[in-house]
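# Structural features, examined
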Amino acid sequence: VISINNAQDTIRGGLYFWPRDLSFESYKTILMDREILNGAKVTVLRTVIGTPLSLLVISMLAYALSKRTLVGRKPITFMFIFTMFFGGGLIPYYMVLKSVHLIDTFWVYIIPNLMSVFYMILVRTFIEQLPKELEECAKMEGANDLQIFFKIILPLSKPILATVGLFIAIGHWNSWFDSYVFTYKPDLKTLQAVL
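The structure displayed is predicted, hence computed values, not measured ones.

Okay, the packing of aromatic side chains next. Here the structure, examined in full by the defined rule, presents 12 aromatic pairs. Centroid distance Tyr93 to Phe182: 5.5 Å. Interplanar angle 70°. Geometry classified as edge-to-face. Placement of Tyr93 in helix 5 (residues 90–99) and of Phe182 in helix 10 (residues 177–182) is noted, with a sequence separation of 89 residues between them. Look at Phe182 and you get buried, because its relative accessible area is 4%. Centroid distance Phe118 to Tyr119: 5.8 Å. Interplanar angle 55°. Geometry classified as tilted. Through successive ring pairs, a cluster of aromatic residues spans Tyr63, Phe149 and Phe150.

In structure tokens form, the structure reads like this:
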């Protein structure tokens, strides 16, 4: 209601359900601002590209680590969990991104955020609770691990993937810090950083 009311009239207060002085000047101002429109474009692209890629990487790793027969499963899991609790800090992280030429590129939003240990643990726990007989049946029918993953595990994991996907998408949409620190070009700034 406030957004479609005259800005000067809004100061008086008392707006609840209907505007007193209908005005679309606020929207006109926003839609004329090239920086805000570009930030919205970058944010939408980041969210649309980053979310499915993250879900794919997270779910594939979760599926691999859900296998009890995986050699080195516990040490590999420990290495992932260790990185969740102990980070290297912002300066070493920046130096790594700079050494792989991600600073001031669009991919600095996507590649470093492909994997989240916490979300991987959630998906892995869900996959571990699925009946193992489904995979055994598929193997007896001649399916390989990729076929089992894409045709059995992913469709059955829709609830956890939807939940994790929502969290990832919200994280991409609301993120401003990486835009603030890792990009300098104005056309790479996200909407949150512009705002």
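Counted by the stated rule, this structure contains six salt bridges. With a closest N to O distance of 2.1 Å, Lys67 and Glu135 form a salt bridge. Taken as a pair, Lys67 in the loop between helix 3 (34–65) and helix 4 (73–85) and Glu135 in helix 7 (residues 132–140) lie far apart in primary sequence, 68 residues in all. Residue Lys67 shares its accessibility class with Glu135, and that shared class is buried. Across the salt bridge formed by Lys139 and Asp145, the nearest N and O atoms sit 3.1 Å from each other. Residue class for Asp145 comes out partly exposed when judged on its relative accessible area of 39%.

Structurally, the position occupied by Thr77 is in helix 4. Of the polar contacts made by the side chain of Thr77, one reaches the backbone oxygen of Arg73; its length is 2.8 Å.

Our next topic: the confidence of the model for the protein chain. Scored by pLDDT, the protein chain comes out at a mean of 92, with 100% of its residues at no less than 70. Mean pLDDT per element in the protein chain: helix 1 (residues 7–10) is the minimum at 78, and helix 9 (residues 158–174) is the maximum at 97.

What follows covers helix 8 (residues 145–156). Taking 1.5 Å as the rise per residue, helix 8 with 12 residues should run 16 Å; its terminal C-alpha atoms sit 15 Å apart, in good agreement. For helix 8, the full list of buried residues reads Ile148, Phe149, Ile153 and Leu154. Looking straight down helix 8, one finds its buried side chains confined to an arc of 145°; they lie on one side. Lining the buried residues of helix 8 we find helix 3, helix 6 (117–128), helix 7 and helix 9.

What follows covers the environment of Val71. Structurally, Val71 can be placed in the loop between helix 3 and helix 4. Classification of Val71 as exposed rests on a relative accessible area of 77%. Taking the C-alpha atoms as reference points, Val71 and Ile111, separated by 40 residues in sequence, lie 27 Å from one another.

Our next topic: helix 6. Between the first and last C-alpha of helix 6 there are 16 Å, a value that for 12 residues agrees with the 16 Å anticipated at 1.5 Å per step. When we look at burial in helix 6, the residues that qualify are Val117, Tyr119, Met120, Val123, Arg124 and Ile127. The buried residues of helix 6 occupy an angular sector of 155° when projected down its axis, which confines them to one face.

The subject of this paragraph is the nonpolar core. With 20 residues, the main nonpolar core has Val123, Ile153 and Val164 as its most contacted residues. Of all the elements in the fold, those that place two or more residues in this core are helix 3, helix 6, helix 8 and helix 9. Excluding its chain neighbours within four sequence positions, the residues that come into contact with Val123 are Ile58, Ser59, Ala62, Ile160, Leu161 and Val164. Ile103, Tyr109, Val181 and Leu188 belong to the second largest nonpolar core, which has 12 residues in total.

Here we come to the packing of helix 7 against helix 8. Describing two packed helices takes the angle between their axes plus the distance from one axis to the other. Two elements in contact, helix 7 and helix 8, have axes whose closest approach is 10 Å; the angle formed by their N-to-C orientations is 145°. Read as a crossing pair, helix 7 and helix 8 show a hand that is right-handed. Residues Leu134, Glu135, Ala138 and Lys139 of helix 7 touch helix 8, and the partners they reach there are Asp145, Ile148, Ile152, Ile153 and Leu156. Residue composition of the contact of helix 7 with helix 8, grouped by class: six nonpolar, no polar and three charged.

Thresholds applied
The written sequence of each chain sets the order in which its residues are numbered from 1. The predicted origin of the model limits local features to residues at a pLDDT of at least 70 and limits the giving and counting of side-chain atom pairs to 80 or more, whereas totals for whole chains, interfaces and linings rest on all residues. Note: side-chain values were computed over all heavy atoms of the structure, leaving out hydrogens and water. Only rings of Phe, Tyr and Trp enter the pairing, Trp through its six-membered ring, and a pair is recorded when the two centres are within 6.5 Å. The plane angle decides the type: under 30 degrees is stacked, over 60 is edge-to-face, the rest tilted. A run of H or I in DSSP becomes a helix once it reaches four residues, and a run of E becomes a strand once it reaches two; helices and strands are each numbered from the N terminus. Each residue is placed in one exposure class: buried if its accessible area under a 1.4 Å probe, protein chains only, is under 20% of its type's maximum, exposed if it is over 50%, and partly exposed if it falls in between. Any carboxyl oxygen of Asp or Glu within 4 Å of a side-chain nitrogen of Lys or Arg constitutes a salt bridge here. Polar contact is defined as a pair of N or O atoms within 3.5 Å, subject to the rule that within protein one atom must be able to donate a hydrogen and the other to accept it, and that residues adjacent in sequence are counted only when both atoms are side-chain atoms. Per-residue confidence from the predictor is given as pLDDT, running between 0 and 100. Take the number of residues in a helix, subtract one, and multiply by 1.5 Å to get its expected span. Directions drawn from the helix axis to the C-beta atoms are what define this arc. By definition in these notes, contact holds between two residues if any of their heavy atoms fall within 4.5 Å. Only buried residues count toward a nonpolar core. Its members are Ala, Val, Leu, Ile, Met, Phe, Trp, Tyr and Cys residues joined through side-chain atoms within 4.5 Å. For helices, the fitted line uses only the C-alpha atoms of the stretch in contact; every axis is such a line through C-alpha atoms, and the angle between N-to-C directions lies from 0 to 180 degrees. Left-handed describes a crossing in which the near helix is turned anticlockwise from the far one by less than a right angle; the clockwise case is right-handed. Each residue gets one of three labels, nonpolar for Ala, Val, Leu, Ile, Met, Phe, Trp, Tyr, Cys and Pro, charged for Asp, Glu, Lys and Arg, and polar for the others, Gly among them.

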